[in-house]
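As a plain string of letters, each chain reads:
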Amino acid sequence: MHETPIDQLIACPKCDALHQARHLGENERAACARCGTLLITPRARSFLHVIALSFTAMILMIAAIFFPFLKISAQGFSHASSVFEVAMAFSDGLLAPLSLVVLMLIVGLPVVRFGALIYTLWPLANARPAWPHARRVFRLAEELEPWAMAEIFIIGTAVALVKIGGLASVSLGPAFWAFCALIIVNALKNAFLSQWTIWDAIGQK
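Not measured: the values here are computed from a predicted model. (Residues numbered from 1 in each chain as written. Predicted model: local features only at pLDDT ≥ 70, side-chain atom pairs only at ≥ 80, totals over all residues. Heavy atoms only, no water.)

Novice: Talk me through the overall build of the protein chain; I want residue IDs and the actual numbers.
Specialist: The number of helices and strands found in the protein chain is 7 helices and 7 strands. Written out in order from the N terminus, the α and β elements of the protein chain read β-β-β-β-α-β-β-α-α-α-α-β-α-α. Taking the principal axes of its C-alpha atoms as reference, the protein chain extends roughly 75 × 35 × 30 Å. Long-range contacts, defined here as pairs at least 24 residues apart, represent 63% of the contacts in the protein chain between residues at least 6 apart. Accessible surface, the protein chain: about 12,200 Å² in total, of which carbon and sulfur atoms supply 66%. Across the protein chain, the mean location of the 15 positive side-chain charges is 4 Å away from that of the 12 negative side-chain charges. (Helix = DSSP H or I, 4+ residues; strand = E, 2+ residues; numbered from the N terminus. Contact = heavy atoms within 4.5 Å. Areas by Shrake-Rupley, 256 points an atom, 1.4 Å probe, with all protein chains shown as cover. Lys, Arg positive; Asp, Glu negative; His and termini not counted. Charge placed at Lys NZ, Arg CZ, Asp CG, Glu CD.)

Novice: Tell me about the pattern of salt bridges, and name the residues and values.
Specialist: Overall, the coordinates contain 1 salt bridge when judged by the stated rule. In this structure, Glu145 and Arg113 form a salt bridge, with 3.6 Å as the shortest nitrogen-oxygen distance. Note that Glu145 is positioned in the loop between helix H4 (134-144) and helix H5 (150-164) and Arg113 in helix H3 (residues 96-125), a separation of 32 residues in sequence. What makes Glu145 partly exposed here is its relative accessible area of 31%. (Salt bridge = Lys/Arg side-chain N within 4 Å of Asp/Glu carboxyl O. Buried < 20%, exposed > 50% of the residue type's maximum accessible area, 1.4 Å probe, protein only.)

Novice: Summarise unusual backbone geometry; cite the residues concerned and give the values.
Specialist: If you check the backbone angles, Asp16 has positive phi at about 70° while not being a glycine. Topologically, Asp16 is positioned in the loop between strand S1 (9-11) and strand S2 (18-20). Take Asp16: its relative accessible area is 58%, and that puts it in the exposed class. Phi angles above zero are rare outside glycine, and Ala127 is one such case at about 60°. Mapped onto the elements of the fold, Ala127 is located in the loop between H3 and H4.

Novice: Let's hear about the domain arrangement of the protein chain: which residues, and what values?
Specialist: Split by domain assignment, the protein chain resolves into domain 1 (1-42) and domain 2 (44-203). Computed over C-alpha atoms, the centres of domain 1 and domain 2 are 29 Å apart. Contact with domain 1, which involves 11 residues of that partner, is made by 9 residues of domain 2. Taking both sides of the interface into account, the surface hidden between domain 1 and domain 2 amounts to around 850 Å²; carbon and sulfur atoms contribute 48%. Put simply, domain 1 and domain 2 have 0 salt bridges between them. (Domains from an automatic or database assignment. Buried area = accessible area lost by both parts, 1.4 Å probe.)

Below you can see the structure in the form of structure tokens.
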């Protein structure tokens, strides 16, 4: 019985079904036969989409950190704060390590991952050889994905807003909507991102 070489196999990231990988035509896309997850996309177009969405995500992240996140009003007093201001408020004393960890998980790791994707894909999208250490940089981007917690932060914020809604008037600032847009942009980026296509392109350059 003929066995397919392991370097010609691709596993679905959702259901682990194995498929035989092959290079696609200009308008072809390969999806998992079991669950329909996108596995392989055309190179140039998907690379450009991921780069554009990564740049967009970085801009939204900056806005989400420094713009007012929410405004709380009670008994004639009101106060608006950004995520950065809240983190800096706990930057002294015993809570300083916690403040640093929160900033890293919410801001630092996603920005590093977006930058790593741009570094990896920029030359490939322009039909040029991959930049030095592209393999290590893309592997770093893959390892950081589970630790990018913008979605968890929004869920936690929503739970907190429900709890304090009866105590004060809360209005959402532009940073909150920037975080929501960031989640959508990140989901779109992941939809265009094909790990096999990127690894194959890096290996051939």
